Amino acid sequence: MSVMASLQKPCVLVVEDESAQREILTYNLEAEGFQVVQAENGDEAMLLVEEEQPDLILLDWMLPNISGLEVCRRIKADPGKRRIPVIMLSARSEEVDRVRGLETGADDYMVKPYSVVELMARLRTQLRRTRPATMGERLSYADIILDSAEHRVFRAGQALHLGPTEFRLLSTLMEKPGRVWTREQLLDRVWGRDVYVDSRTIDVHVGRLRKALMVNGGDNPVRTVRGTGYALG
Ligand code: CA
């Protein structure tokens, strides 16, 4: 399997005011290959959610100013952000807290001190649901199958040959069939946030992807959304 074919690893936002805990989490997440952004408080967290569009949020309950609970409530009340999984971390284990945590829309909840191994397992469970192509899952759309662990793509049972960029592009599109992606969003996902690529480059690679998908016939599954970008189906 080629490193070049790997999708951008999911980005995890760690929100924790205690620097030692924040560093431990960051160290473990980076060791697992995740990208990490850190926030020390709720205000910073809200800003980073907007700017970085993380794939998952590890959110400490007890934070100065805006509490983790309130941060979670705001994220889950925002239609543009509510799909981001939130795992709440809390020092308080009372049942009532657990219920309140889940009532705010948190996707999971762990009580300190928690096992890092268990936390990573729960984090992967959330990401398998929201970012399956980055977690070695098999995706399918119509007659197309993408095996992200084996880095293989099949259409109508026949293996296709895709370049690494086309593979990442298809993985992104197949994670959310029907979603309209802007060129900028696709560039972030496929090339990475810190890489400068001309947005016309994306059109070239979409063209190559279509050609590869249609090599043995079949419809063009990648729709151009005029003035916006692209969508699968
Ligand atoms: Ca804290």
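What counts and how
Residues numbered from 1 in each chain as written. Predicted model: local features only at pLDDT ≥ 70, side-chain atom pairs only at ≥ 80, totals over all residues. Heavy atoms only, no water. 1 Å grid on protein atoms, 1.4 Å probe; cavity = no way out; pocket = protein on both sides within 12 Å on 5 of 7 lines; lining within 4 Å. Points joined across faces, edges and corners; volume = space filled by probe spheres on them. Helix = DSSP H or I, 4+ residues; strand = E, 2+ residues; numbered from the N terminus. Nonpolar A, V, L, I, M, F, W, Y, C, P; charged D, E, K, R; others polar. Domains from an automatic or database assignment. Pairing = 2+ DSSP bridges. Axes fitted to C-alpha atoms, helices over the stretch in contact; angles between N-to-C directions. Phe/Tyr/Trp six-rings, centres within 6.5 Å; stacked < 30°, edge-to-face > 60°. Buried < 20%, exposed > 50% of the residue type's maximum accessible area, 1.4 Å probe, protein only.

K.L.:
Help me out: how do you make sense of the layout of surface pockets in this one?
P.N.:
Where empty space is left can be seen by rolling a probe of water-molecule size over the atoms. Counted as a void, the largest pocket has a volume near 680 Å³. Lining the largest pocket are 28 residues; nearest its centre among them are Gln53, Pro54, Ile84, Arg179 and Arg189. Going through the elements one at a time, α2 (42-52), α5 (116-130) and α7 (183-191) are the ones with two or more residues in the lining of the largest pocket. Per-class residue counts for the lining of the largest pocket are seven nonpolar, six polar and 15 charged. Three or more residues apiece are contributed to the lining of the largest pocket by two domains, here domain 1 (3-133) and domain 2 (137-232).

K.L.:
Just to check I follow, could you spell out the sheet that holds strand β9 (residues 158-160) for this structure?
P.N.:
In a beta sheet, neighbouring strands are held together by backbone hydrogen bonds and run either parallel or antiparallel to one another. A sheet is described by the order of its strands in space; here four strands give the open sequence β6-β7-β8-β9, paired in antiparallel fashion. Among the strands making up the open sheet, the edge pair consists of β6 (138-141) and β9. Strand after strand, the sheet turns through a mean of 25° between neighbouring axes, direction not considered. Of the strand pairs in this sheet, strand β8 (residues 152-155) and β9 are connected by three bridges, and their pairing is antiparallel. Considered in β9, the bridge of Phe154 is made with Ala159.

K.L.:
Before we go on, may I ask you to explain the packing of aromatic side chains in this structure?
P.N.:
The geometry of an aromatic ring pair is captured by the separation of the ring centres together with the interplanar angle, meaning the angle of the planes. In the structure shown here, the tally under the stated rule is one aromatic pair. Between Trp61 and Tyr109, the aromatic rings sit 6.0 Å apart at their centres with planes inclined by 85°, giving edge-to-face as the arrangement. Taken together, the residues span a long stretch of sequence, with Trp61 in the loop between β3 (56-60) and α3 (68-76) and Tyr109 in strand β5 (residues 108-111) at a distance of 48 residues. Tyr109 shares its class with Trp61; the two are buried.

Note that every value here comes from positions in space, so none of it alone points to a role or purpose.
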